[in-house]
There are 2 protein chains.
Amino acid sequence: MSVTDELVAANGSYAASFSGGGLPGPPSRHVAVVACMDARLDVYRVLGLGDGEAHVIRNGGGVVTDDVLRSLTISQRKLGTTEVVLVHHTKCGMASFDDDEFVAELESDVGHRPGWAPGAFADTEQDVRDSLAAVRACAFLPHTDAVRGFVYDVDSGALTEVA
Amino acid sequence: MSVTDELVAANGSYAASFSGGGLPGPPSRHVAVVACMDARLDVYRVLGLGDGEAHVIRNGGGVVTDDVLRSLTISQRKLGTTEVVLVHHTKCGMASFDDDEFVAELESDVGHRPGWAPGAFADTEQDVRDSLAAVRACAFLPHTDAVRGFVYDVDSGALTEVA
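Here's a quick rundown of the structure. The structure presented is a predicted model; accordingly, all values stated were derived computationally and were not measured.

Here the focus is the pattern of salt bridges. Counted by the stated rule, this structure contains 28 salt bridges over all chains. Measuring nitrogen to oxygen at the nearest pair gives 2.9 Å for the salt bridge that ties Asp-109 of chain A to Arg-77 of chain B. Of the two residues, Asp-109 of chain A is situated in helix 4 (residues 99-110) and Arg-77 of chain B in helix 3 (residues 66-79); the pairing between them involves two chains. Notably, a salt bridge pairs Arg-45 of chain B with Asp-42 of chain B, separated by 3.8 Å at the nearest N-O pair. Under the relative-accessibility criterion, Arg-45 of chain B is labelled partly exposed at 29%. A single salt-bridge network, built from bridges that share partners, covers Asp-42 and Arg-45 of chain A together with Asp-42 and Arg-45 of chain B.

Turning our attention to the packing of aromatic side chains. Following the criterion strictly, the structure yields six aromatic pairs over all chains and no others. Aromatic side chains Trp-116 of chain A and Phe-140 of chain B sit 5.7 Å apart centroid to centroid with 70° between the ring planes, which places their arrangement in the edge-to-face category. Linking Trp-116 of chain A in the loop between helix 4 and helix 5 (124-136) with Phe-140 of chain B in the loop between helix 5 (124-136) and strand 4 (147-152), this pair reaches from one chain into another. On the accessibility criterion, Trp-116 of chain A (11% relative accessible area) is buried. Accessibility expressed as a relative area gives 7% for Phe-140 of chain B, which makes it buried.

Moving on, we come to unusual backbone geometry. Of note in the backbone geometry, His-30 of chain A takes a positive phi value of approximately 55° without being a glycine. Its location among the elements puts His-30 of chain A in the loop between helix 1 (3-16) and strand 1 (31-36). Its relative accessible area of 39% is what places His-30 of chain A among the partly exposed residues. One non-glycine residue with positive phi stands out, namely Lys-91 of chain B, at about 55°. You can see Lys-91 of chain B is positioned in the loop between strand 3 (83-89) and helix 4 (99-110). Given the relative accessible area of 59%, Lys-91 of chain B is considered exposed.

The rules behind these values
Residues numbered from 1 in each chain as written. Chains lettered and ligands numbered in written order. Predicted model: local features only at pLDDT ≥ 70, side-chain atom pairs only at ≥ 80, totals over all residues. Heavy atoms only, no water. Salt bridge = Lys/Arg side-chain N within 4 Å of Asp/Glu carboxyl O. Helix = DSSP H or I, 4+ residues; strand = E, 2+ residues; numbered from the N terminus. Buried < 20%, exposed > 50% of the residue type's maximum accessible area, 1.4 Å probe, protein only. Phe/Tyr/Trp six-rings, centres within 6.5 Å; stacked < 30°, edge-to-face > 60°.

Next comes the structure, spelled out in structure tokens:
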């Protein structure tokens, strides 16, 4: 039995006791969260979010890529969100390697370089600041006045805001 | 008090009772989930996932973009995941608009077109199939034999696999 099979079985139990249907698509709290994909960061629990309340966008690092700006643009213009919360975290895997070395490794293994930059970073707080700046500078977003960034401590469970 | 302030306050309560520190970065169940950002899709609960068990990558639609392939490549090569689970869902906001019209709207409002395609789709199951194919075709991923795709029903809580 694969892990995927186990997740499907777990969903069977979830669905059997599910009573949360009928919610609308637009997030009821009008907020979009952009967070790292890290397994220790259960965004709904960490931020006290319930079903239907917030968009949750996640990728390696929680960095603000074009795909994140695409998702935020849809979130704000089509589904009514107005606030953005960025969540990076301590002990991030993105701080454990170097972009140039990783690209060289990929090129050596596969025969060509990826069309994307891996996005590794050494300074988590600076990466939050860069991400805040990228969201605020996006011309397609109608709401950039309520954009805030945080570092989540995976060992304490606490958020610290990055100014 | 903004919604963001409310989320920060909720995190204070979460951190006060937090006892899950010390987990390693690599996901203990070696799986990465790629899902839509939809607010009704609480991935950890829907799949029965606990802290530290799986990477969770999310964007508008759960579509497999370059940024998702970047994140999966890091997930597999740097953090040891070997299975991929794609989760799209019923009543998706991405099925509520048309790419060409949305791009025209953005160009009219902002003065230029975005560098990304919005990624709207009309057929959710076909979009899952396209996403499965995109993951399986990615040369940078060492593990593409356990890639499966599902549609989550936001009204029943149940997953249905797309073959």
